[in-house]
Amino acid sequence: MVSAVGLALIVIGYGQARMDGSPVVYDPPTWTRHVTMLLMLPVFVLLIATYVPGRIRKISRHPMLVAVKLWAFAHLLSNGDVASVLLFGGFLVWAVADRISVKRRGDPGTPFSVEIAGKGRGADIFAVVAGLVVYGLFVWQGHDLVIGVPLT
């Protein structure tokens, strides 16, 4: 519950900063929006795979951190205002630092047992299909509804 409230406050604060006219640090070319859309495809798959015991989860070891790094990097490519650089840059720095910390602690990542290995293919198919459906919904109208910024 605390995390959800924190995330809501981040979204509200980011929206207010953009409405107030956040200064521009860099002006990304138009084509970077296409790269962002492409990089976001695996983000949703990885987010779903975080909660599904499959090979995608095993191979990526920490799929949520990989998803956050991709999400943040992709959004830095297409947003150059101060609010965006602080928000997405902050999440990218956090995810990289967390991954380094996890690695130094010797955390092997997601456990992978024989029981999970047998379910891997179905779980991976589910993660990919569900991730693509969520991606499609987000592209269609979800980004505007959840974040308040249309993708057009």
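Structure first, text after, so check above.
Model, not experiment: these values are computed from the prediction.

Rules and cut-offs
- Residues numbered from 1 in each chain as written.
- Predicted model: local features only at pLDDT ≥ 70, side-chain atom pairs only at ≥ 80, totals over all residues.
- Heavy atoms only, no water.
- Helix = DSSP H or I, 4+ residues; strand = E, 2+ residues; numbered from the N terminus.
- Buried < 20%, exposed > 50% of the residue type's maximum accessible area, 1.4 Å probe, protein only.
- Contact = heavy atoms within 4.5 Å.
- Areas by Shrake-Rupley, 256 points an atom, 1.4 Å probe, with all protein chains shown as cover.
- Lys, Arg positive; Asp, Glu negative; His and termini not counted.
- Charge placed at Lys NZ, Arg CZ, Asp CG, Glu CD.
- Axes fitted to C-alpha atoms, helices over the stretch in contact; angles between N-to-C directions.
- Parallel < 35°, antiparallel > 145°, perpendicular 65-115°, else oblique.
- Left-handed = near helix turned anticlockwise from the far one by under 90°.
- Nonpolar A, V, L, I, M, F, W, Y, C, P; charged D, E, K, R; others polar.

Looking now at the overall build of the protein chain. Scanning the protein chain from terminus to terminus reveals 6 helices and 0 strands. Seen through its C-alpha atoms, the protein chain measures out along the principal axes to roughly 55 × 35 × 35 Å. Relative to its 152 residues, the protein chain shows a buried fraction of 32%. Sequence-distant contacts in the protein chain: of pairs separated by 6 or more residues, those separated by 24 or more amount to 75%. When the accessible surface of the protein chain is summed, it comes to about 9600 Å², and 71% of that surface belongs to carbon and sulfur atoms. Of the charged side chains in the protein chain, 13 are positive and 8 negative; the average position of the first set lies 13 Å away from that of the second.

Moving on to unusual backbone geometry. In the Ramachandran plot, Arg 61 falls in the positive-phi region, its phi being about 65 degrees despite a non-glycine side chain. In this structure, Arg 61 sits in the loop between helix 3 (55-60) and helix 4 (63-78).

This brings us to the packing of helix 4 against helix 5 (residues 82-105). For the pair helix 4 and helix 5, interaxial distance at closest approach is 8 Å and the crossing angle is 150 degrees. The pairing of helix 4 with helix 5 is recorded here as roughly antiparallel in orientation. Along this stretch, helix 4 crosses helix 5, giving a crossing that reads as left-handed. In this structure, helix 4 contributes Leu 65, Val 68, Lys 69, Trp 71, Ala 72, His 75 and Leu 76 to the contact, and helix 5 contributes Ser 84, Val 85, Phe 88, Gly 89, Phe 91, Leu 92, Trp 94, Ala 95, Val 96, Asp 98 and Arg 99. Of the residues in the contact of helix 4 with helix 5, the class split is 12 nonpolar, 3 polar and 3 charged.

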